[in-house]
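# Structural overview for review
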Amino acid sequence: MGLKGQAAIVGAAQYRPEKYATAPRMFHLEQVADLAARALQDAGLQASDLDGLVINGPQFHEASVFVPAMAAEYLGMRLNFAEVVDLGGTTSVGMVWRAAAAIELGLCQAVLCVLPARMAPLGPDEDPAWMARAMRFGGHSTAFGAPEAEFDLPYGHMGQNTGYAMIAQRYAARYGYDPAAMAKIAVDQRTNALTNPEAMFFGKPLSAEEVLASKMVADPLHVLEIVMPVAGGAAVIVASKEVAARARNRPAFVTGFGEHLAFKSPSYAAEMTETPIGPASRRAFEMAGLKPGDVDAAQIYDCYTITVLLTLEDAGFCEKGEGMRFVREHDLTWRGNFPMNTHGGQLSFGQAGSAGGMSQVIEAFTQLAGRAGDRQLKRCDRVYVSGTGGVMSEQGALILQGA
Ligand SMILES: CC(=O)CC(=O)SCCNC(=O)CCNC(=O)[C@H](O)C(C)(C)COP(=O)(O)OP(=O)(O)OC[C@H]1O[C@@H](n2cnc3c(N)ncnc32)[C@H](O)[C@@H]1OP(=O)(O)O
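Residues numbered from 1 in each chain as written. Predicted model: local features only at pLDDT ≥ 70, side-chain atom pairs only at ≥ 80, totals over all residues. Heavy atoms only, no water.

In the annotation of an unreviewed UniProt entry, the entry for the protein chain reads Thiolase family protein, and the organism field reads Aromatoleum toluolicum.

## Points about the nonpolar core
Counting 48 residues, the largest nonpolar core has V236, V238 and L398 as its most contacted members. Among the secondary structure elements, those contributing two or more residues to this core are β1 (7-14), α3 (91-104), β4 (110-117), β7 (232-240), β8 (252-261), α14 (356-368), β10 (382-389) and β11 (394-402). Ranked by the residues each element gives to this core, the list is headed by α3, at eight residues. The next biggest cluster of nonpolar side chains, apart from the first, holds 44 residues, and it includes A181, A298, M324 and V391. (Core = buried A, V, L, I, M, F, W, Y, C linked by side-chain atoms within 4.5 Å. Buried < 20%, exposed > 50% of the residue type's maximum accessible area, 1.4 Å probe, protein only. Helix = DSSP H or I, 4+ residues; strand = E, 2+ residues; numbered from the N terminus.)

## Concerning the confidence of the model for the protein chain
Across the protein chain, the average pLDDT comes to 93, with 95% of residues at 70 or higher. Ranking the helices and strands of the protein chain by mean pLDDT puts strand β9 (residues 297-299) first, with 99, and helix α4 (residues 128-136) last, with 61. Quick note on the complex model: pTM equals 0.96, ipTM equals 0.97. (pLDDT = per-residue confidence, 0-100.)

## Some points on empty space enclosed by the protein
One pass over the full model with this rule turns up one cavity of 30 Å³ or more. Here the largest cavity is characterised by a volume of approximately 50 Å³. Looking at the largest cavity, the residues that line it are Q14, Y15, P17, G233, A234, F349, G350, Q351, A352, A355, G356 and S359. Elements with a contribution of two residues or more to the lining of the largest cavity: β7 and α14. Considering only residue class, the lining of the largest cavity consists of six nonpolar, six polar and no charged. (1 Å grid on protein atoms, 1.4 Å probe; cavity = no way out; pocket = protein on both sides within 12 Å on 5 of 7 lines; lining within 4 Å. Points joined across faces, edges and corners; volume = space filled by probe spheres on them. Nonpolar A, V, L, I, M, F, W, Y, C, P; charged D, E, K, R; others polar.)

## A short note on the side chain of T366
By the secondary structure assignment, T366 is in helix α14. Owing to a relative accessible area of 13%, T366 belongs among the buried residues under this scheme. Within the structure, T366 has its side chain in polar contact with the backbone oxygen of I362 (distance 2.6 Å). (Polar contact = N/O pair within 3.5 Å; in protein donor to acceptor, adjacent residues only side chain to side chain.)

## Observations regarding helix α6 (residues 159-175)
If you check α6, its first and last C-alpha atoms are 25 Å apart, about what 17 residues at 1.5 Å a residue would give, namely 24 Å. When α6 is considered as a whole, its buried residues turn out to be G159, G163, Y164, A165, I167, A168 and Y171. Of the residues flanking the end of α6, it is G176, one or two places downstream, whose phi is positive at about 90°. (Expected span 1.5 Å × (residues − 1).)

## Observations concerning the pattern of salt bridges
Where charged atoms of side chains with opposite charge meet at close range, the side chains can pair. Tallied over the full model, the rule gives 17 salt bridges. D42 serves as the salt-bridge partner of R371, at 2.9 Å between the closest nitrogen and oxygen. With R371 in the loop between α14 and β10 and D42 in helix α1 (residues 28-43), the pair connects residues that are 329 residues apart, well separated along the chain. R371 gets classed as partly exposed once you look at its relative accessible area, which sits at 38%. Judged by relative accessible area, which is 16%, D42 ranks as buried. Its salt-bridge partner being D381, residue R250 comes within 2.9 Å of it at the nearest N-O pair. With R250 in the loop between α9 (241-245) and β8 and D381 in the loop between α14 and β10, this pair connects stretches of sequence that are 131 residues apart. Members of the salt-bridge network, linked through shared partners, are R170, R174, E271 and E274. (Salt bridge = Lys/Arg side-chain N within 4 Å of Asp/Glu carboxyl O.)

## Side note on helix α7 (residues 179-193)
With 15 residues, α7 extends 21 Å between its outermost C-alpha atoms, agreeing within 8% with the 21 Å of an ideal straight helix rising 1.5 Å per residue. Of all 15 residues that make up α7, 11 are buried, and the element is covered over most of its length. Regarding α7, the residues found buried are A181, M182, A183, I185, A186, V187, D188, Q189, R190, N192 and A193. Measuring from the side-chain oxygen of the N-cap residue of α7 to the backbone nitrogen of A180 gives 3.0 Å; that N-cap residue is D178.

## Things to note about the packing of aromatic side chains
Summed over the entire model, instances satisfying the criterion amount to eight aromatic pairs. Arranged with centres 4.0 Å apart and planes meeting at 0°, the rings of W97 and F257 form a pair that is stacked. Note that W97 is positioned in helix α3 and F257 in strand β8, a separation of 160 residues in sequence. Under the relative-accessibility criterion, W97 is labelled buried at 15%. Here F257 falls in the buried class, since its relative accessible area comes to 13%. Through pairs of rings, three or more aromatic residues link up here, namely F285, F317, F326, F338 and Y384. Sitting over the face of the ring of Y15, R118 holds its NZ or CZ atom 3.7 Å from the ring centroid. (Phe/Tyr/Trp six-rings, centres within 6.5 Å; stacked < 30°, edge-to-face > 60°. Lys NZ or Arg CZ within 6 Å of the ring centre and 35° of its normal.)

And the structure:
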């Protein structure tokens, strides 16, 4: 059951992450068109090759509720497959496997998966300061009737930072906690970012001491263990084997995926330290016929250092409770014995909303295509990618393989 590895990522485009205050503003439809053109150029394909569209949803809602239809209508696309994916941080992974599945079903040949994540130009009545604050503290809706307002906020679950901190506290109580190992995750990823001019923190080395001395945001998470929200946007093109054969880059075939959504964490999870990435990753590896030890790199969704730690354990790269030892004993940089988040991860690359997770997908593709420049892995044929939405409540995994 599952994918047969007949669809591949063949092209990608990504805006360099920028601070909201200085990032160019673009209408969402304009970003879709621009990212599509860039991804097509990267792939060496034509707009007429595209017959599928997978797009994220919420930011369009002020403009239209019929999101993929609206994009197709205004951009003149002729589609045989259209879909919205709205799974927070696992949207990107979810887009890619849905596109691959639609291609394998014979519904379409080439699918644009696109996540615009720059802010739209301000309207005449909009206050930029208010907008900036809203971007910083986005995450939980306080609107009347929103489930968070009723079931989470009264108990102090304000946004994502406190939720992930609570998971980390629970982990510490069950398995112990080594702040230095957690800091090493951020530091090794920063070492990777120092080779990536596209990363937000390119040119800014980081030490474990600096991480541990940085502001405590939600105990035990320091500010340098938390992603910085930035403006950005990303797209990939997933295509059939036939289309991939005439594309420019070495394709990254989608050979396995898994997705698992669970009770809202931290409020209602039966056990906060056992996350949905476990079942999602098991399915992905089984579908691809691989084991965790078979991959050449892992691009792990890293909204927080604790997200990485739990993914390492639950995806099966090490035993439960052994994550901190694993981190201490491995070099997680692109030169190391466990290359992870070789572009810097979102911690050092920047998190452009739900497009942040696409940075991990694109890095996997870039490494598989042999186009990672200074940080290129000597051997890269199989890559694991994870996505994490909400407070580790919805998660997905992909296995990508070179031809
Ligand atoms: C979406 C899903 O489904 C799953 C997920 O990914 S969950 C994660 C979603 N993302 C978030 O919740 C965002 C988390 N981050 C934050 O809330 C904020 O960055 C924070 C509270 C940690 C820090 O905000 P703050 O203390 O108000 O910092 P702020 O005043 O904005 O900035 C101060 C400085 O620190 C820097 N900074 C801010 N956040 C930073 C971070 N996370 N890492 C490094 N530097 C940061 C700023 O660039 C700024 O530097 P300069 O003075 O040089 O300009």
